[in-house]
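Structural features, examined
Each chain, written out:
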Amino acid sequence: MANVVVVGSQWGDEGKGKIVDWLSERADVVVRFQGGHNAGHTLVVDGKVYKLSLLPSGVVRTGKLSVIGNGVVFDPHAFIAEVDRLKEQGVEITPDCLKIAENTALILSLHRELDGYREDAASNSGTKIGTTRRGIGPAYEDKVGRRAIRVMDLDDMDTLPAKVDALLTHHNALRRGLGHVEAKHEAIMEELKAVSDRVLPYVDRVWKILDDARRAGRRILFEGAQGTLLDIDHGTYPFVTSSNTVSGQAAGGSGVGPGTIGFVLGITKAYTTRVGEGPFPTELTDEVGEYLGTTGKEFGVVTGRKRRCGWFDAVLVRQSVAVNGIDGIALTKLDVLDGLDEIRVCTGYRLDGEEIDYLPASQGAQARVEPIYETLEGWKSTTAGARSWSQLPAQAIKYVRRVEELIGAPVALLSTSPERDDTILVTDPFQD
């Protein structure tokens, strides 16, 4: 039996929600190990649609332990709102089925405000990143700067005021520099006191809980957010998120040793999308790009922003396979390509007249690369709802096999619609 890490192999929005839900039915523990409430999962269970941003996907299934790991930045207001919304849908969330790591850093109102102030200033100068303005980046900065308020601090009102003062020394200097009024100590203290009773019952020593689960042979599913190309180190910097989104973060972001990780599953869309600013070598701004966006319903779960769409980029995914140590991919949204006369796949780049097989790290070079395409024949019959290889058109199978060759990783799961059962299992990630 292997524990499984799920990561996005592109710029996020690859369909992790459905795949994680499909896997979580077989897992005992589901762990969210990085990010915040800036990335959403849509789950469809027994006809009901659940939209999650902060909570692990396991919360919608009874008998599963869900965990928010220390690698996450935690907005208590977003947490309370999400719990209440799910309870209205009939999902019972209690401290018995959900744990929050005691050493998780908090997102406060001043983080959200600073995020917006800086994005507005960057927009005026033409250098905006395209953040969700939810305070994720500023919260991670405070964590690294050793001034963050952590979940455990809500239970120690004697030491909390001094920590708030230290936090405000930093933030108010930034707010003055950006032309905004200072945040008040009393307001932040009231904000923290207002959420403490709703949050503290869920707080626990997650590293110990996961170690006990590992020793007991329980199946653990580690759930990432965003995608590899948004990783703070390995993504299209500076147009990235504020955390490490790669598989290696599953260990540090949840408090387990790297040996706990067994199978790395890379969620991979059959074409490419991204939200926000930054390079996108295979982006399509024509009618084909519009078709992919409309047919694939490419709008953000959290922000509602329209996603940019383009052809499948094997160069990027091949790089993600290497960086994450991906053992197999879950190829999603194959059905969106139904009906196209031809399908193009990027197999390499041309940079300043030279052919290369990788995405350069330089921002300038990333903006200059030109895709080299291979054209494949499309298919007219549908792949939607297929649950076996025999139900797929021959050309669709050829497309999948060519993708495997180009990225250097096999397809472990093939998704043919948003419905969880419309999935072709090739390799069981939970088996060694």
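Before any of the text, the structure's been laid out above.
Quick look at the structure, then. (Residues numbered from 1 in each chain as written. Predicted model: local features only at pLDDT ≥ 70, side-chain atom pairs only at ≥ 80, totals over all residues. Heavy atoms only, no water.)

1. Some remarks on the nonpolar core
- Residues L334, L337 and Y399 are the most contacted members of the largest nonpolar core, which totals 52 residues.
- When residues of this core are assigned to their parent elements, the largest contribution, six residues, is made by helix α12 (residues 394–407).
- Listed in part, the 36 residues of the second largest apolar core include L55, F79, V91 and L160. (Core = buried A, V, L, I, M, F, W, Y, C linked by side-chain atoms within 4.5 Å. Buried < 20%, exposed > 50% of the residue type's maximum accessible area, 1.4 Å probe, protein only. Helix = DSSP H or I, 4+ residues; strand = E, 2+ residues; numbered from the N terminus.)

2. What about helix α6 (residues 185–199)?
- Taking 1.5 Å as the rise per residue, α6 with 15 residues should run 21 Å; its terminal C-alpha atoms sit 21 Å apart, in good agreement.
- Listed in full, the buried residues belonging to α6 are I188, M189, E191, L192, V195, S196 and V199. Along the long axis of α6, the arc covered by the buried residues comes to 155 degrees, so they all point the same way. Projecting away from the buried face of α6 at angles above 90 degrees are the exposed residues E186, A194 and D197. (Expected span 1.5 Å × (residues − 1). Arc of directions from axis to C-beta.)

3. Some remarks on the packing of aromatic side chains
- Summed over the entire model, instances satisfying the criterion amount to four aromatic pairs.
- Seen in terms of ring centroids, W379 and Y399 are 5.9 Å apart; in terms of plane orientation they differ by 55 degrees. Their pairing is tilted. Placement of the pair is W379 in the loop between β18 (370–377) and α12 and Y399 in helix α12, with a sequence separation of 20 residues.
- When its relative accessible area of 1% is taken as the criterion, Y399 is described as buried.
- Members of the aromatic cluster, connected to one another through ring pairs, are F74, F79 and Y202.
- The residue whose ring lies beneath R401 is W389, and the NZ or CZ to ring-centre distance is 4.6 Å. (Phe/Tyr/Trp six-rings, centres within 6.5 Å; stacked < 30°, edge-to-face > 60°. Lys NZ or Arg CZ within 6 Å of the ring centre and 35° of its normal.)

4. A look at the packing of helix α5 (residues 160–177) against α6
- Their axes nearest at 10 Å, the elements α5 and α6 cross at an angle of 125 degrees. Between α5 and α6, the angle falls in the class oblique. Judged by the sense of rotation from one axis to the other, the crossing of α5 with α6 is right-handed. Within the contact between the two elements, α5 uses L160, P161, V164, D165 and L168 and α6 uses H185, I188, M189 and L192.
- Partitioning the contact of α5 with α6 into residue classes produces seven nonpolar, one polar and one charged. (Axes fitted to C-alpha atoms, helices over the stretch in contact; angles between N-to-C directions. Parallel < 35°, antiparallel > 145°, perpendicular 65-115°, else oblique. Left-handed = near helix turned anticlockwise from the far one by under 90°. Contact = heavy atoms within 4.5 Å. Nonpolar A, V, L, I, M, F, W, Y, C, P; charged D, E, K, R; others polar.)

5. Brief notes about the pairing of strand β16 (residues 342–351)
- Note that strand β14 (residues 312–313) and β16 share two bridges and pair parallel. In the sheet register, D313 faces β16, and the bridge partner there is C346.
- Relative to β18, β16 runs antiparallel, the two being bridged by eight bridges. Within β18, the position partnered with G348 by the bridge is I372.
- Across three bridges, the pairing between β16 and strand β17 (residues 354–356) is antiparallel. Bridged to R350 within β17 is E355. (Pairing = 2+ DSSP bridges.)

6. Section: unusual backbone geometry
- Looking along the chain, the bond that leaves Y237 and enters P238 is cis, with omega of 10 degrees.
- Relative to the helices and strands, P238 resides in the loop between β10 (220–223) and α8 (249–252).
- Here the phi dihedral of D13 falls at roughly 60 degrees; this positive angle occurs in a residue that is not glycine.
- Within the secondary structure, D13 is located in the loop between β1 (4–8) and α1 (16–24).
- D13 gets classed as partly exposed once you look at its relative accessible area, which sits at 25%.
- One non-glycine residue, D352, adopts positive backbone phi at about 50 degrees.
- Of note, D352 is situated in the loop between β16 and β17.

7. Considerations on the pattern of salt bridges
- One pass over the structure, following the stated rule, counts 28 salt bridges.
- One salt bridge in this structure joins E182 and R176, with 2.5 Å as the shortest N-O distance.
- Linked by salt bridges that have partners in common, D13, K269, E298, R307 and K333 make up one network. (Salt bridge = Lys/Arg side-chain N within 4 Å of Asp/Glu carboxyl O.)

8. Let's talk about the layout of surface pockets
- One number sums up the size of the second largest pocket: a volume of about 160 Å³.
- Together, N103, A105, D142, K143, R146, R147, A148, I149, R150, D153, K163 and A166 line the second largest pocket.
- Listed by contribution, the elements that provide at least two residues to the lining of the second largest pocket are α4 (136–144) and α5.
- Taken together, the residues of the lining of the second largest pocket break down into four nonpolar, one polar and seven charged. (1 Å grid on protein atoms, 1.4 Å probe; cavity = no way out; pocket = protein on both sides within 12 Å on 5 of 7 lines; lining within 4 Å. Points joined across faces, edges and corners; volume = space filled by probe spheres on them.)

Any functional reading would require information that these geometric values do not contain.
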